[in-house]
Amino acid sequence: MKTFIGPVVDRRQYSLLKETLEDSIGADHPVRVLDWVLDRMDWSEWIGRYPGGGRPAYPPDAMVKLLTYAYMIGMRSSRMMEHACRNSADFIWLMSGRKPDHDTIASFRRENIERFVDVFKTTIAVCREAGLVAMKGVAVDGTRVEANNGKDRTMKREDIEKELARLEGRIRKILDEAEAKDREEDAMFGEGVSPNDLPEELKNAEKRRERLEKALEKVKAKKERAGARRGKRSKEVNNSRVPVVDVDSDVMKNKKGGFAPNYNPYVAVDGLAGIIVSCGVTNDHNDAGHLKPAIEEAEENTGMSIEQVQADSTYATVENLDYCEGRGIDPCIAPLYSSPDKTSRAKKLPVFVPERAVRADGETIEVGKILRDNKGKFDKSAFKYNHENDCYMCPLGHRLKRFGKMKSGMSEREKNRYRCDGYGECPVRAACTTNRMGREVGRWWGDDVRIRHHKRMMDPKHKIDYKLRKQVVEPVIGILKQIMAIRKFLLRGLPFVNGEWDIACAAFNIKKIGPWAQRIGLQGLTAIANA
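For every chain, the first residue of the written sequence is number 1, and numbering continues from 1 along that sequence. In view of the model being predicted, local features appear only for residues whose pLDDT reaches at least 70, and side-chain atom pairs are presented and counted only at 80 or more, with totals across whole chains, interfaces and linings using the full set of residues. By convention in this description, side-chain values take in all heavy atoms of the structure and omit both hydrogens and water.

### Comments concerning the environment of Gly422
- Helix numbers and strand numbers start at the N terminus; a helix is a DSSP run of H or I with at least 4 residues, a strand a run of E with at least 2. As for its placement among the helices and strands, Gly422 is situated in the loop between β15 (414-420) and β16 (440-444).
- Distance in space between the C-alpha atoms of Gly422 and Gly438 is 8.0 Å, their sequence separation being 16 residues.

### Some thoughts on the packing of helix α3 (residues 60-72) against helix α6 (residues 102-111)
- Angles shown run from 0 to 180 degrees and are taken between the N-to-C directions of axes, each axis being a line fitted to C-alpha atoms and, for helices, limited to the stretch in contact. Look at α3 against α6: their axes get within 11 Å of each other, and the N-to-C directions meet at 95°. As summarised for this structure, α3 and α6 are arranged roughly perpendicular, according to the angle between their axes. Residue-level contacts link Pro60, Met63, Val64, Leu66, Leu67 and Tyr71 of α3 to Thr104, Ile105, Phe108 and Arg109 of α6.
- For this scheme, ten residues count as nonpolar: Ala, Val, Leu, Ile, Met, Phe, Trp, Tyr, Cys and Pro. Four count as charged, namely Asp, Glu, Lys and Arg, and the remainder, Gly too, count as polar. A breakdown of the residues in the contact of α3 with α6 according to their chemical character gives eight nonpolar, one polar and one charged. Oblique is the label for any angle not covered by the other classes, which are roughly parallel (under 35 degrees), roughly antiparallel (over 145) and roughly perpendicular (65 to 115). Contacts are residue-level and defined by heavy atoms, with any inter-residue pair within 4.5 Å sufficient.

### Some remarks on helix α11 (residues 291-302)
- Multiplying 1.5 Å by the residue count of a helix minus one yields the expected span of that helix. Its twelve residues place the ends of α11 17 Å apart at the C-alpha level, agreeing with the 16 Å of an ideal helix rising 1.5 Å per residue.
- Leu291, Ala294, Ile295, Ala298, Glu299, Asn301 and Thr302 are the residues of α11 that are buried. Along α11, the residues classed as buried sweep out an arc of 165° about the axis, all on the same side.
- Where α11 ends, the next residue or the one after it, Gly303, has phi of about 70°, a positive value. Each residue's exposure class comes from its accessible area (1.4 Å probe, protein chains only) as a fraction of the maximum for that residue type: buried when under 20%, exposed when over 50%, partly exposed otherwise. Here the arc refers to the directions that run from the helix axis out to each C-beta atom.

### Quick notes on the side chain of Thr143
- Its place among the elements puts Thr143 in the loop between β1 (137-142) and β2 (145-146).
- Not counting the four nearest positions on each side in its chain, Thr143 is found in contact with Lys255, Tyr263, Asn264, Pro265, Ile477 and Lys481.

### Regarding the sheet that holds strand β14 (residues 399-407)
- Paired strands, as defined in this entry, are two strands with at least two bridges between them according to DSSP. With antiparallel pairing, the five strands of this open sheet are ordered in space as β12-β13-β14-β15-β16. Edge positions in the sheet fall to β12 (384-386) and β16, since each of these pairs with one other strand and no more. Adjacent strand axes in the sheet meet at a mean angle of 35° when their direction is disregarded.
- Across seven bridges, β14 lies against β15 in antiparallel orientation. If you follow Lys405 over to β15, its bridge partner there is Asn416.

### Digging into the side chain of Arg439
- Its place among the elements puts Arg439 in the loop between β15 and β16.
- Judged by relative accessible area, which is 11%, Arg439 ranks as buried.
- Among the polar contacts made by the side chain of Arg439, one reaches the main-chain carbonyl oxygen of Phe378 at a distance of 3.0 Å.
- Among residues more than four places away in sequence, those in contact with Arg439 are Phe378, Asp379, Lys380, Phe383, Leu400, Tyr418, Arg419, Cys420, Tyr423, Cys432 and Thr433. Within 3.5 Å is the distance limit for a polar contact, defined as a pair of N or O atoms, with the added protein rule that one can donate a hydrogen and the other accept it, and that residues adjacent in sequence qualify only through two side-chain atoms.

### Describing unusual backbone geometry
- The phi angle at Ser96 is positive, at roughly 55°, despite the residue not being glycine.
- With respect to the element layout, Ser96 can be found in the loop between α5 (89-94) and α6.
- Classification of Ser96 by relative accessible area gives exposed; the value is 54%.
- Phi is positive for Asp390, close to 50°, though the residue is something other than glycine.
- Within the secondary structure layout, Asp390 lies in the loop between β12 and β13 (391-393).
- The partly exposed category is assigned to Asp390, whose relative accessible area is 22%.

### Overview of the environment of Asp465
- You can see Asp465 is positioned in helix α14 (residues 460-472).
- For Asp465, the contacting residues outside a window of four places in its chain are Gln308, Gln310 and Cys332.

### Focus on the nonpolar core
- The criterion is simple. A nonpolar core is a set of buried Ala, Val, Leu, Ile, Met, Phe, Trp, Tyr and Cys residues joined through side-chain atoms within 4.5 Å. Judged by nonpolar contacts, the single largest core of 91 residues is most densely connected at Val267, Ile276, Leu480 and Trp501.
- In terms of residue count, the dominant contributor to this core is helix α16 (residues 494-530) (eleven residues).
- Of all hydrophobic cores here, the second largest spans 19 residues; its members include Phe378, Cys426, Val428 and Val441.

### Details of the packing of aromatic side chains
- Aromatic pairing here means that ring centres of Phe, Tyr or Trp (its six-membered ring) are within 6.5 Å. Orientation follows from the plane angle: under 30 degrees is stacked, over 60 is edge-to-face, and everything else is tilted. Within the structure shown, the criterion is met by nine aromatic pairs.
- Aromatic pair Trp43 and Trp46: ring centres 5.6 Å apart, planes at 65°, arrangement edge-to-face. A single burial state applies to Trp43 and to Trp46, both of which are buried.
- Judged by centre distance (5.9 Å) and plane angle (80°), the ring pair of Trp46 and Phe116 falls under edge-to-face. With Trp46 in helix α2 (residues 44-47) and Phe116 in helix α7 (residues 116-129), this residue pair connects regions lying 70 residues apart in the sequence.
- Its relative accessible area of 0% is what places Phe116 among the buried residues.
- Pairwise contacts between aromatic rings join Trp43, Trp46, Phe108 and Phe116 into one cluster.
- The rule for a charge over a ring is simple: NZ of Lys or CZ of Arg within 6 Å of the ring centre, and within 35 degrees of the ring normal. The ring of Phe403 is capped by Arg419, whose NZ or CZ atom sits 4.0 Å from the centre of that ring.
- Here the guanidinium or amino end of Arg443 rests over the ring plane of Tyr385, the centre of that ring lying 3.8 Å away.

If you want it as structure tokens, here you go:
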């Protein structure tokens, strides 16, 4: 009995019927799905960029297929792609035997990176034609992806200014040496024969100065944004570090702790089949600003309207909730703040007050039934807001009039302040406040929106819908980062990392089409798409 399987084919044996390149790839191989999807894309605009003449170029559709398929299987190195085009059957089949070198692959990716959004949109269109997109519920979430900028390549404002001063002296010295060299050459060979290009050392110094100046502008912009804030917060901004290699990135908190130069990419995922319907990358620290563009891009990409959007509490700002309500979209978003009407549990015994008191309208009420906060005072929820007169009414019927505004020192949130006008004669004032000027109640801008949203999220159906968010969007981000290895961007600059994220999201959508294509076949998909 054999222990091991022996060789199936002798390497030196001649084959009578040699299999074709087409036969070397199985009918259900993922590369066939990718080839089928991208064949449905209009390539005329890409081809129109090639004027012709000179050495023939690699077809743009073949190069896009190569890059997208490589990203789909977690391969992003141009050298690995070059190796695969020469040695891997699936890559050889996809490229029809073409063998671009790594420099050609990298140059094509860099020069056409902003056009890969068309590839991403094509995958969405194919998914919609195949019935894989419904837009009944769309889950939005963001993550952190490391920028192509080392942790040690960040600098403070004073360090940047010192480096700029040093570079200015170095550039001046290089220019003086170049001018002296020009005069020497003019004396030897005559005028007009000096090199037109700048010295290589000067080019590098100028390029570094541009990056440092951009980084310095970013530090100044941070300081201006923090100007309205108080105390330690402004000092932290003054001492903050910024990246000096990829200056479009920013130092952000990592998901697993610590800080590093990062970008903040996001995805919006349709709940029917887990298809990414919109994506993008920003350098904002907060995810809240992603919701509106994610919704608008998803609707533009699919030509359909979103019925419900699901997101975590980071997105539950008043602006986002108000936007969803105004658009008629159901915001299934975890509340960011506790409800303005939330009742606290009393931890201290209330001071002695009469058991009953007479309201301003003559009605007698039981004081013991009035809700208390954790200090034993009347809870804010016991004060009812009157929209018509812009005032609060206390449990005893006294009016709290608006007398001023207050802005939070750590944010731009603003609230109106209301004070009781009948405090001096109130029989239960000891249970209301210790403020000698009378009880004050604050109303933040957007409290109405927040109250409505808290009531909405108390609905059992919304609680069930919100639980779906985890199984819709979080596995997508996990696959992109872990399986497809998008943990660090290879390119630098916001437009380039956006393009790289577009490639990854397009590749992900094609991965999702794969199992569907295996069940019904590519002919079945074609029939559905053409129906």
